[in-house]
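Coordinate analysis (summary)
Spelled out from the first residue to the last, the chains are:
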Amino acid sequence: MKKVLVIDENEEFREYLRKKIERHGIEATSGLNGLDGSLKLRKIIPDLIVMDSILTRKTCREVLVEKAENPNTIAIPIVMLTNKIEKKKIAEYAKYGVKKLFSKPIKIDALLKGISEVLGTTFEFDETPCIVEANFNDEIIFIEIARGLNIEKIEILKFKLEELVKIYNITVPKMLIMMSGVVIEDKDIYKIRTLLDIVLKTVKDNSDKIIVLANEKTIKDYIGSVAEYKSIRVKNNLSDALDDLIGQKADNFAQDKVVEENLLNPKSVKETKIEMRFETEGLTRQLDTIGNNVKIAVVDDDFVIRQLMKTTFKAFDWQIDMFENGKLFIDALSDNKEYDLIFLDLMMPEVNGFGVLEFIDQKKIKTPVIIFSALSEKESVLKAVKYGVKSYMGKPLNPTLIKRKTAEILNPGF
């Protein structure tokens, strides 16, 4: 039996990949970090290593050097996962036996095909054209599914949702599943059921927290025919769906009261502070694993916001460029400046946020954008969605939430 060692610090991704590999009759072992991975490398001598380029306890380079110095492991091929593919590093990686490089977020079908090619075996997987994305905004997880239903990507969604719940510490999220161009045929019934069961588990069987946005009558009929889905609402208008989900905020008042009472209880104060400290430390570690070559643009005419953003990221060795209005930012993009993430205010002088989005759209710039807006400004959000914006934040901004949103966008396992 062939053996694969997966070294990745994203637990959800690592476990998904391990189970997927084992499903094809290959033994898979997980390395939790660089140190754990290097120990298991010497112990099991795998036929292939799949590893992330950003590791702790031992860096990726240290693991590669140790592998090269050991005659038992030097010839083992590597599939490398990286947040950014830098040309200058490709040659360096190659000399350590890296056969394939994949950038995050990972396209799982391409990764599985690459693994099978290096191992000289064949993986069977669903090749149905499909786009699946998930983002968290204003207490709602937005799931977008387009073109078709692909069981591989639907199964990945489970781990992506776990990732979002962990990043944002969500207790019971609200879900909006947006299905565009998806038609259910008899052969797809098990796929739609898998999708809804994954979502139901995430909301802890509170099916009234789920809205499906779809125009296909077959989808509505199917959901209505299954007893456990009876409380799931199906809408055909995004505006109506948002109104329904926003209207559910009434139960948040009760949750806020519970939090307030706990904070006012002297017995729980010390424990709460400790939990919050560890939570923040965990978030910082998650951002640290992104690496140092990160470039972020903040486009906002509010000096206080710009200073807040600068302070939020001061602990990281990242390049943070500030722009007072959309025109200055467009000028920078016209000079071929590139960024990994853009924070964009919608209301600015000279050129507003929508003008920037239009420029980005025309130039086919793929950099992810987080807009400063909230669901209370629904029309602005709906307009931004047309430009492909998936993430937004409401003012006043919170440094911890800014970090969470950055981790969600820049450090995705999937």
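All of these numbers come straight from a predicted model, not from anything done at the bench. (Residues numbered from 1 in each chain as written. Predicted model: local features only at pLDDT ≥ 70, side-chain atom pairs only at ≥ 80, totals over all residues. Heavy atoms only, no water.)

A few words now on the side chain of N150. Residue position: N150 is located in the loop between β7 (140–146) and α6 (151–168). Judged by its relative accessible area of 3%, N150 is buried. A distance of 2.9 Å separates a polar side-chain atom of N150 from the backbone oxygen of D126. If sequence neighbours within four positions are ignored, N150 has contacts with D126, E127, T128 and C130. (Helix = DSSP H or I, 4+ residues; strand = E, 2+ residues; numbered from the N terminus. Buried < 20%, exposed > 50% of the residue type's maximum accessible area, 1.4 Å probe, protein only. Polar contact = N/O pair within 3.5 Å; in protein donor to acceptor, adjacent residues only side chain to side chain. Contact = heavy atoms within 4.5 Å.)

This part takes up the sheet that holds strand β12 (residues 319–323). As summarised here, the arrangement of the 5 strands in space is β12-β11-β13-β14-β15, forming an open sheet in which the pairing is parallel. Across the chains shown, the open sheet's two edge strands, defined by having one partner strand only, are β12 and β15 (391–393). With strand direction ignored, the average angle separating the axes of adjacent strands in the sheet is 20°. Bridging between strand β14 (residues 369–372) and β15 involves 3 bridges; their strand directions are parallel. Bridged to F372 within β15 is M393. In the packing of helix α14 (residues 353–362) onto the sheet, the strands contacted are β13 (341–345) and β14, and the crossing angle to β13 comes to about 145°. (Pairing = 2+ DSSP bridges. Axes fitted to C-alpha atoms, helices over the stretch in contact; angles between N-to-C directions.)

Before going further, it helps to examine the packing of helix α1 (residues 11–22) against α6. Two numbers describe how α1 lies on α6: the axes approach to 9 Å, and their chain directions differ by 155°. By the angle class used here, α1 and α6 are roughly antiparallel. Crossing hand, α1 versus α6: right-handed. Of α6, the residues touching α1 (which contributes E11, E12, E15, Y16 and K20) are E152, E155, I156, F159, E162, E163 and K166. (Parallel < 35°, antiparallel > 145°, perpendicular 65-115°, else oblique. Left-handed = near helix turned anticlockwise from the far one by under 90°.)

With that settled, the discussion passes to the sheet that holds strand β5 (residues 98–103). Here 5 strands make up an open sheet; going across it, the order is β2-β1-β3-β4-β5 and the pairing parallel. Of all strands in the sheet, those with a lone pairing partner are β2 (27–31) and β5, marking the two edges. Adjacent strand axes in the sheet meet at a mean angle of 15°, parallel and antiparallel pairs treated alike. Where strand β4 (residues 78–82) and β5 come together, 5 bridges link them in parallel fashion. Each bridged residue has a counterpart across the sheet, and for I78 the counterpart in β5 is V98. Docked against the sheet, helix α3 (residues 60–69) engages β3 (48–52) and β4, running at close to 160° with respect to β3. Together, β1 (3–7), β3, β4 and β5 form the strand contacts of helix α5 (residues 108–119), whose direction differs from that of β5 by roughly 175°.

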